Amino acid sequence: PPAPRVREPVAGRVRVPRDAADVVFVEGLFLLHACDGRLARDIFDVCLYVDVDDAERRARVVARKVLGGRDRRDAEQHYERVDARNARCIARTKTRADVVLEAGGAHN
């Protein structure tokens, strides 16, 4: 059965027993980062990194924030203050992925 979608991340909110499914998709911005010298990716069989160009990423993030209730100007300012820096940090980890997927336009 499909697991519930989590809108706001809370550590440990959804637990998946090892024998519950053949495939489990885990989405997260910092899954390829090291924490205490360990990588979360080490517990997965395969890690994918979806690479999106900067302009497309910005458009998607701002649109998602507006859809969530922020006004456009606030969403754009937040992107410039916070999300752009996070995107640059995350981009440096793509070499740790097993597969890098190049994402295109709005349908990918």
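This text follows the structure it describes.
Let us look at the structure shown here. Everything numeric in this text was worked out from a predicted model, so none of it was measured. (Residues numbered from 1 in each chain as written. Predicted model: local features only at pLDDT ≥ 70, side-chain atom pairs only at ≥ 80, totals over all residues. Heavy atoms only, no water.)

**Observations regarding the overall build of the protein chain**
This is how it is decided: The helix count covers DSSP runs of H or I at least four residues long, the strand count covers runs of E at least two residues long, and both are numbered beginning at the N terminus. Working definition: with a 1.4 Å probe on protein chains only, accessible area under 20% of the residue-type maximum means buried, over 50% means exposed, and in between means partly exposed. Residues count as neighbours in contact if any of their non-hydrogen atoms are within 4.5 Å of one another.
Scanning the protein chain for helices and strands turns up two helices and four strands. When the helices and strands of the protein chain are placed in sequence order, the string is β-β-β-α-α-β. Split into buried and exposed, the 108 residues of the protein chain put 20% on the buried side. Pairs at least 24 residues apart make up 58% of the contacts formed inside the protein chain by residues separated by at least 6 positions.

**Let's talk about the pairing of strand β3 (residues 48-51)**
Put simply, the test is: Here, a strand pair is defined by DSSP locating no fewer than two bridges between the strands.
Residues of β3 alternate between two faces, with Y49 and D51 buried on one and L48 and V50 left unburied on the opposite face. Strand direction decides the pairing type here: β3 and strand β4 (residues 99-102), joined by four bridges, are parallel. Looking at the pairing, Y49 lines up with V100 of β4.

**Observations regarding the pattern of salt bridges**
Where charged atoms from two side chains of opposite charge come close, those side chains can pair. Operational definition: Any Lys or Arg side-chain nitrogen found within 4 Å of a carboxyl oxygen on Asp or Glu counts as a salt bridge.
Scanning the entire structure with this criterion turns up six salt bridges. The shortest N-O distance in the salt bridge between K94 and D51 comes to 2.7 Å. Of this pair, K94 sits in the loop between α2 (72-91) and β4 while D51 sits in strand β3, placing them 43 residues apart in sequence. The buried category is assigned to D51, whose relative accessible area is 13%. The shortest N-O distance in the salt bridge between D54 and R57 comes to 2.8 Å. Placement of both D54 and R57 in helix α1 (residues 54-67) is noted, with a separation of three residues, approximately one turn of the helix. Assessed through its relative accessible area of 56%, D54 is described here as exposed.

All we've got here are geometric facts, nothing functional implied.
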